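Chain residues, written in single-letter form:
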Amino acid sequence: MNNNDILTGRIWPTFLRYSLPWTLSMLTSGSAAIIDGIFIGQYAGAIALASVNIVAPVWGFMGGVGIMLASGGSAIAGNYIGKGDVQSASAMLIKTLLAILGWSLAFFIVFFLFQEPALYWMGGRGELLPDSQAYLRILLYFSPIFPLCFALSYFVRLDGRPVLASMGFIICAGANVVLDWFFINYKGMGVVGAGIATGIAYCVPCVIYATHFVSRKCSFILPKKLGKWDEVLKAAWNGSSEFVNETSAGIVILLFNIILVSSMGPMGVAAFTVIGYITMMGGLLCFGIADTLTPLISVNNGAKKFARVKKFLGCALIMVTAVDLLLLLYLSCWPRIIVDLFLMDAHQATEIALEFIAAARWEFLFLGLNIAFTSYFTGRLWAPASFITAFGRGLLFPCLLLSLLPMCFGPEGIFFVPAISEAMTFGLAIAIYCHMLKRNSKNSGQTL
């Protein structure tokens, strides 16, 4: 396979070779949604922007299963590669892609039939409903594209081509900017144009990645047999932390929207949409760095090179800490600049957003570290540890705090939910890491 540098290359050069292009690609791919928000906020208004946020939970659920299978499947394939078993690694690739296609079809059918009641339950009512429904309908037509795009990128990167895996998303972001301008600004199609632009843009990297698997540089082969399909369930379990991250984000957004609609109205939802974009951007920066651990650690874990595993973790922790501190500094000094990109003429929503940022910015003290530990647990195939950390960060702690803080401090109490949730997750991640360190040292003398 094309991954000798993973097993034998110098630690920092290898980590940077994989992490820098992947981080750039994650940042640019995530910018698709952010660019949509900027164009919608500037040319369609705050109500349209809030309507797009109503659909976010569906988006998270749609992509969550796909990324779960892609992350877990590529980790298992990487473990096979570390053992020199190309047949099993290739079979895992095919089973992962088929499972994602099956999931996408089921998702399309269910949400196409029940989209209106689903949107109403998520807060898409009154003046928010028309745009929410229009945006969701467009995304449904492209529902197989998004998870397949991520899955193909994971396996291309695993096959020793991190630059190609990253370039696909970078080109996707560039195409999205041009298409957003054309459909939203030039054609005046609002949220419908935003959905079309995003869907078409994501088709581009799918084509780019597909070319790798028919090229001479591809090390995957057509396996003689696919083997047991229960490996797909193992992949889902191992990648369940990614599912929790994606899906729970949608659930938490849903709960935020319900509270904000009832207490602050549509302007509160519009303000929270801006906070979501800021968190998304910071999270993608950290995710791009931390997610690099999955192929690096899974391959070395399979080859039993545990000293390299530990060093790669150290690289990730150093880099995400630096990113977190820079983001915290920026939001402390210049928050209005980014808010005005989305809400230039909406004074009430702007003031709510600034107040929200002042409380939520402290989440960046811990956000990157939590993502790094989750990716590390996934790469080591420690599914329970990865799941528990992601579940605490993505669902348990936010939901608990959303129920407690508004009762204690009023509606503004929810502004502190992100920061306190990340701090609690960090404590949990450290406890799990120390437990695994102690257990492995006792059982086999390995270091983490």
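This text follows the structure it describes.
Keep in mind that this is a model prediction, so the values were computed, not measured.

Q: What exactly am I supposed to notice about the packing of aromatic side chains here?
A: Centre-to-centre distance and the angle between the planes together describe a pair of aromatic rings. All told, the structure shown has 28 aromatic pairs when counted by the stated rule. Between the aromatic rings of Trp237 and Phe387, the centroid separation amounts to 5.4 Å while the plane-to-plane angle is 40°, which identifies the pairing as tilted. Here Trp237, found in helix α10 (residues 230-238), pairs with Phe387, found in helix α18 (residues 383-409); they are 150 residues apart in sequence, far enough to count as distant. In this structure Phe387 comes out as partly exposed when scored by relative accessible area, which is 27%. Here Phe256 and Phe356 contribute two aromatic rings whose centre-to-centre distance is 6.0 Å and whose plane-to-plane angle is 40°, an arrangement assigned as tilted. Here Phe256 is found in helix α11 (residues 240-263), whereas its partner Phe356 is found in helix α16 (residues 347-360), with 100 residues between them in sequence. Of the two residues, Phe256 and Phe356, neither departs from the other in class, the shared state being buried. The rings of Trp22, Phe150, Tyr154, Phe169 and Tyr209 are connected pair by pair, giving a single aromatic cluster. Above the ring of Trp22, the side-chain terminus of Arg157 is found at 4.1 Å from the ring centroid.

Q: Please explain the environment of Gly168 as it appears in this structure.
A: Tracing the sequence through the fold places Gly168 in helix α8 (residues 162-186). Gly168 gets classed as buried once you look at its relative accessible area, which sits at 0%. Measuring from C-alpha to C-alpha, the distance between Gly168 and Ser25 comes to 7.6 Å, with 143 residues separating the pair along the chain. Non-local contacts of Gly168, meaning those with residues more than four positions away in its chain, are made with Pro205, Ile208 and Tyr209.

Q: Would you take a moment to explain the pattern of salt bridges for this structure?
A: Where charged atoms of side chains with opposite charge meet at close range, the side chains can pair. Taken as a whole and assessed by the stated rule, the structure comprises four salt bridges. For the salt bridge of Lys95 with Glu231, the shortest nitrogen-to-oxygen distance reads 2.9 Å. Residue Lys95 is located in helix α4 (residues 86-113), and its partner Glu231 is located in helix α10; the two are separated by 136 residues in the primary sequence. The exposure classification of Lys95 matches that of Glu231, with both residues buried. In this structure, the salt-bridge partner of Arg393 is Glu422, at a minimum N-O distance of 3.0 Å. A residue pair is termed long-range when its members are at least 10 positions apart, and Arg393 in helix α18 and Glu422 in helix α19 (residues 417-443) qualify at 29 residues. Residue Arg393 shares its accessibility class with Glu422, and that shared class is buried.

Reading the values: rules and limits
Residues numbered from 1 in each chain as written. Predicted model: local features only at pLDDT ≥ 70, side-chain atom pairs only at ≥ 80, totals over all residues. Heavy atoms only, no water. Phe/Tyr/Trp six-rings, centres within 6.5 Å; stacked < 30°, edge-to-face > 60°. Helix = DSSP H or I, 4+ residues; strand = E, 2+ residues; numbered from the N terminus. Buried < 20%, exposed > 50% of the residue type's maximum accessible area, 1.4 Å probe, protein only. Lys NZ or Arg CZ within 6 Å of the ring centre and 35° of its normal. Contact = heavy atoms within 4.5 Å. Salt bridge = Lys/Arg side-chain N within 4 Å of Asp/Glu carboxyl O.

Worth remembering: the numbers are spatial, not functional.
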